[in-house]
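Remarks on the overall topology
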Amino acid sequence: MTAHSSALNAARRRTDLVLASEETADVLVVGGGITGAGVALDAASRGLRVTLIEAEDLAFGTSRFSSKLVHGGLRYLATGDVATARESAAERHLLMTAIAPHLIRPLGQLLPFSADVTMRQRGAGAVGMALGDLLRVKARTPRTVLPRPHLVSTRTAMRLAPALDPRGLRGGMLSYDGQLVDDARLVATVARTAAARGARILTRVRAITLRGDGATVQDTMTGERFEVRARAVVNATGVWAGALDGSIRVRPSRGTHVVLDAADLGQPTTALTIPHEGSISRYVFVLPQAHGRVLVGLTDENAPGPVPRIAQPTEAEIDFLLRTLNRVLREQIGRDRVRGAFAGLRPLVDNDTAATADISRRHLVAVSEAGFVTVLGGKLTTYRRMAEDAVDLVAQTRRLRAAPSRTASLRLVDRAVPADAAPLDEATGLTAADVEFAVRSEGAMTADDVLDRRTRIGLVDTDRERCLPVVEALVARALAGLG
């Protein structure tokens, strides 16, 4: 196989645009989220010629708005969806042991036995965690990667999560799951790994019409339209999939998170798992992040109507998350303490279920009437399996000569960013090397790409505004250096 660089940048994009318009690919992938990037990697690693197009930027849509967990599916066990939980545990094992151990760390998750957490919720949570550990064992994930769940004392619970209300607290149950360094970084890394296998990764190229043998596309930077020919096409556009495949019914579900200062929660070292009031199957998660941030999420609300370019959280959802959090805290967190909020739309397959929370997270891979394959649903943790299934189907239906999938053991490329002497911004840790690497190697082309998707500075508006001028200058300089 010909060796290729994993670097994605404006210079490579210019070259690949010309080649994409002149040559016929084996597989054209539409969509640059985690699913599309995963399909591109799976196909390229099988020896197929791959072109991926994305209308905006890598991880522009749903993939950057997750809880940043690689998890085994406690919630799916609670609702009886054992198949999804089993698949999640198996994929989590591969990600944490073979594919991306450099991007994932084990994260403790504490179910506090607080006064407002009922005995029924405590029992259901403890049973669910024990069943989840059985799936860990079945997936052969060692305890050195994910320790087994166990009861902890009140003193230990307070040490792990100092903001808990000690009144009525009776310890808790501590389990472990995987936490990504960042979800958008996972997408960029999968795309870079695909590029290292020869895939053409073309952002800011929009599909106008899709066919079984290619697409009419537009370079959104120049306005130029041209044809991309391919022997097989995969629609991996998530919540926008229905716009290209009329036979697919997408049921978007909005998941909202809020961003808090870790200091306001006593600098927790573990996540919290808080049951919804009156529920034994739905939870709010409190997730420590880098640079003194904590995410609190997430909601699961039906989001009918036209799909927005970027989903927006509602005040009702923010209020719900804070109310659920405050049920277990000593000091209440008010709306004025929220530093940021964001929402993503899950691309669920509509099955006429009344509530989106009850729709299975199993994915769908199907051939459209036009002859292309649509892959939809699923979740970030299971992206690799979704991609494998999609490429299997296109190889079968379009009679492509492809080797079996090898992504179960294919490690993603590393992110070697040179060390800077001092950060440009103390609060976020941003360095000039971060910005330059984003532009020269991760395909960033604007300051927005850097702030909102290669780093996560943009999750907090004040951080974004403070860093924007210097990032704009550094991006312009790095682009100029690429010619």
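As a starting point, this report considers the structure included with it. The residue numbers shown here count from 1 along each chain, following its written sequence. Only residues with pLDDT of 70 or above have their local features reported here, since the model is predicted, and side-chain atom pairs are shown and tallied only from 80 upward, although totals for entire chains, interfaces and linings are computed over all residues. The basis for every side-chain value is the complete set of non-hydrogen atoms in the structure, without hydrogens or water.

A pairing counts as a salt bridge when a side-chain nitrogen of Lys or Arg comes within 4 Å of a carboxyl oxygen of Asp or Glu. In the structure shown here, the tally under the stated rule is 39 salt bridges. The network of salt bridges with shared partners includes D261, R293, R339, D425, D463 and R466.

The next subject is the nonpolar core. Grouped together as the largest cluster of nonpolar side chains are 52 residues, with contacts concentrated most on L186, I201 and L412. Starting at the N terminus, helices and strands are each numbered in turn, a helix being any DSSP run of H or I of at least four residues and a strand any DSSP run of E of at least two. Contributing elements (two or more residues each) for this core: β1 (24–30), α2 (34–45), β2 (50–54), α4 (82–99), α7 (183–196), β10 (225–235), β18 (373–377) and α10 (383–397). The dominant element in this core, judged by the number of residues it contributes, is α10, at eight residues. Ignoring sequence-local partners within four residues, the contact set of L186 consists of I34, L103, L180, L380, Y383 and L412. What we call a nonpolar core is a set of buried Ala, Val, Leu, Ile, Met, Phe, Trp, Tyr and Cys residues that are connected through their side-chain atoms within 4.5 Å. To sort residues, take the accessible area from a 1.4 Å probe on protein chains only and compare it with the maximum for the residue type: under 20% means buried, over 50% means exposed, and anything in between is partly exposed. Listed in part, the 29 residues of the second largest apolar core include L110, V284, I318 and L325. What makes two residues a contact is simply this: any of their non-hydrogen atoms within 4.5 Å.

This part takes up unusual backbone geometry. In this structure, L298 follows G297 across a cis peptide bond, with omega equal to 5°. As for its position among the elements, L298 is in the loop between β14 (293–297) and β15 (301–302). Within the chain, K68 stands out as a residue other than glycine whose phi angle is a positive 65°.

Angles here are taken between N-to-C directions and fall from 0 to 180 degrees, while the axes themselves are lines fitted to C-alpha atoms, restricted in helices to the stretch in contact. Here helix α11 (residues 432–441) crosses helix α13 (residues 461–481) at 45°, and the two axes come no closer than 9 Å. Classified by the interaxial angle, the pair formed by α11 and α13 is oblique. Remark: the crossing between α11 and α13 carries right-handed chirality. Packed against α11, whose contacting residues are A432, V435, V439 and R440, the element α13 presents V471, L474, V475, A478, L479 and G481 at the interface. When its residues are assigned to classes, the contact of α11 with α13 shows eight nonpolar, one polar and one charged. The labels follow the angle: roughly parallel below 35 degrees, roughly antiparallel above 145, roughly perpendicular from 65 to 115, and oblique for the rest. A crossing counts as left-handed when the near helix is turned anticlockwise from the far one by less than a right angle, and as right-handed when that turn is clockwise. Each residue gets one label: Ala, Val, Leu, Ile, Met, Phe, Trp, Tyr, Cys and Pro are nonpolar, Asp, Glu, Lys and Arg are charged, and the others, such as Gly, are polar.

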